[in-house]
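Analysis of the macromolecular model
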Amino acid sequence: MMKKILMAIAIVAVGIQLVPVQRSNPPVTKDVGAEPAAATILRRACYDCHSNETAWPWYSYVAPVSWLVSDDVKEARSHLNFSEWDKYDEKRRRKIKEEIVEEVGEKRMPLKIYLPLHPEARISETDFQTIKSWAESSTERANEGEEGDSK
């Protein structure tokens, strides 16, 4: 009986590997273009989920984990995709930057479940200040430009 159960589990484990999973990296249409210090942090901590430059790790090829990873990346890209920055208007870009500061500042990003396998994605207080400075300075420049247009 135990042999049959183990055989059934093995068949299911092999069978689920055949379920197709989307692991794509579409072309980058326009990168966020952050200042170098902020760009380095964003690439290290955010791009695996929030860009079209995902480095698909070995476990993203093993079901059922592959399903979770693929869904997480798909959802993350739907909220923010640094590789498709040109698809956001200026108002949306400012809102995204505000949300980045809020999410990172409140330690909701990067996700805690992501960090054990990707310790390099941890964001230090110095990293956070760099991101915040970039987001706020570029937002201020954008606001100044809009004010100048209305004069």
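Residues numbered from 1 in each chain as written. Predicted model: local features only at pLDDT ≥ 70, side-chain atom pairs only at ≥ 80, totals over all residues. Heavy atoms only, no water.

1. As for the nonpolar core
In terms of nonpolar packing, the biggest core is built from 25 residues, with V32, L42, F82, I100 and W134 touching the most fellow members. Sorting the residues of this core by element identifies α2 (36-45), α5 (90-105) and α6 (125-150) as the ones contributing at least two each. The element contributing the most residues to this core is α2, with five residues. When residues no more than four places from it in sequence are discounted, the contact partners of W134 are V32, A34, E35, A38, L42, K97 and I100. (Core = buried A, V, L, I, M, F, W, Y, C linked by side-chain atoms within 4.5 Å. Buried < 20%, exposed > 50% of the residue type's maximum accessible area, 1.4 Å probe, protein only. Helix = DSSP H or I, 4+ residues; strand = E, 2+ residues; numbered from the N terminus. Contact = heavy atoms within 4.5 Å.)

2. Considerations on the environment of A8
The topology assignment puts A8 in helix α1 (residues 2-15). The partly exposed category is assigned to A8, whose relative accessible area is 39%. For the pair A8 and K87, spaced 79 residues apart in the sequence, the C-alpha separation amounts to 48 Å.

3. Topic: α5
With 16 residues, α5 extends 22 Å between its outermost C-alpha atoms, agreeing within 8% with the 22 Å of an ideal straight helix rising 1.5 Å per residue. For α5, the set of buried residues is R93, R94, I96, K97, I100, V101 and V104. Buried positions in α5, seen along its axis, are confined to an arc of 160 degrees and lie on one side of it. The N-cap residue of α5 is D89: its side-chain oxygen and the backbone nitrogen of K91 are 3.2 Å apart. (Expected span 1.5 Å × (residues − 1). Arc of directions from axis to C-beta. Polar contact = N/O pair within 3.5 Å; in protein donor to acceptor, adjacent residues only side chain to side chain.)

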